[in-house]
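Take a look at the letters that make up each chain.
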Amino acid sequence: YGGSHNLGGRFEYLVMMFGYVGYKCFGITLVVVAHQYAFEVYPVSCRVAGGGLSMGVGKIGAVTSPLAYEWITAFYGTWTAFFYILACFVILDGILVSFLPFETRGKAL
């Protein structure tokens, strides 16, 4: 897997390792930001319930993602179809983020 392949030179190895670490850190950072935003957009009276619902839906996605990978791989016969579908979701998410209605910076909780 990741570091077990002979990549040739030290530069290629470092690019792969920093890319992997950057990928993992970027994903975790986005999850933290999304959860923080989800808690901030709800009124105080239902903030915990709304944020919990948001986190719960995210966990359902995390649980079903491996199953979706297996089903899509079996259906299309290749693993690349799953990642093309994920790329479409990322593009859709990027478009939908621009329509978020609330700016929470500097507002009282």
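Values in this document were obtained by computation on a predicted structure and should not be read as measured data. (Residues numbered from 1 in each chain as written. Predicted model: local features only at pLDDT ≥ 70, side-chain atom pairs only at ≥ 80, totals over all residues. Heavy atoms only, no water.)

Attention shifts here to the overall build of the protein. Tallying secondary structure elements over the protein gives 3 helices and 0 strands in all. Written out in order from the N terminus, the α and β elements of the protein read α-α-α. Its C-alpha radius of gyration of 19 Å places the protein more than 25% over the 13 Å reference for a compact globule of 109 residues. Projected onto the principal axes, the alpha-carbon positions of the protein cover approximately 55 × 35 × 25 Å. In the protein, which comprises 109 residues, the share counted as buried stands at 6%. Partitioning the contacts of the protein with sequence separation of at least 6, the portion at a separation of at least 24 is 27%. (Helix = DSSP H or I, 4+ residues; strand = E, 2+ residues; numbered from the N terminus. Rg over C-alpha atoms; globule rule 2.2 N^0.38 Å. Buried < 20%, exposed > 50% of the residue type's maximum accessible area, 1.4 Å probe, protein only. Contact = heavy atoms within 4.5 Å.)

Before going further, it helps to examine the side chain of R47. Secondary-structure assignment places R47 in helix α2 (residues 47–76). Buried charge R47 goes without a salt bridge, the closest partner of opposite sign being E40 at 7.7 Å. At 3.0 Å, the side chain of R47 forms a polar contact with the backbone oxygen of Y42. (Lys, Arg positive; Asp, Glu negative; His and termini not counted. Salt bridge = Lys/Arg side-chain N within 4 Å of Asp/Glu carboxyl O. Polar contact = N/O pair within 3.5 Å; in protein donor to acceptor, adjacent residues only side chain to side chain.)

Enumeration according to the criterion identifies 5 aromatic pairs in this entry. Between Y69 and F83, the ring centres sit 6.4 Å apart and the planes meet at 65°, which makes this aromatic pair edge-to-face. Here Y69, found in helix α2, pairs with F83, found in helix α3 (residues 80–97); they are 14 residues apart in sequence, far enough to count as distant. Judged by its relative accessible area of 26%, Y69 is partly exposed. Owing to a relative accessible area of 43%, F83 belongs among the partly exposed residues under this scheme. Ring geometry for F75 against Y76: centres 4.9 Å apart, planes inclined by 90°, an arrangement best described as edge-to-face. Through successive ring pairs, a cluster of aromatic residues spans Y69, W79, F82 and F83. (Phe/Tyr/Trp six-rings, centres within 6.5 Å; stacked < 30°, edge-to-face > 60°.)

Once that is clear, we can look at the packing of helix α1 (residues 10–41) against α2. Remark: α1 packs on α2, axes separated minimally by 8 Å, with the N-to-C direction vectors making an angle of 145°. The two elements α1 and α2 meet at a crossing, and its hand is right-handed. Seen from α1, the contacting residues are H35, A38, F39 and E40; seen from α2, they are R47, V48, G51, G52, S54 and M55. Considered class by class, the residues forming the contact of α1 with α2 number 4 nonpolar, 4 polar and 2 charged. (Axes fitted to C-alpha atoms, helices over the stretch in contact; angles between N-to-C directions. Left-handed = near helix turned anticlockwise from the far one by under 90°. Nonpolar A, V, L, I, M, F, W, Y, C, P; charged D, E, K, R; others polar.)

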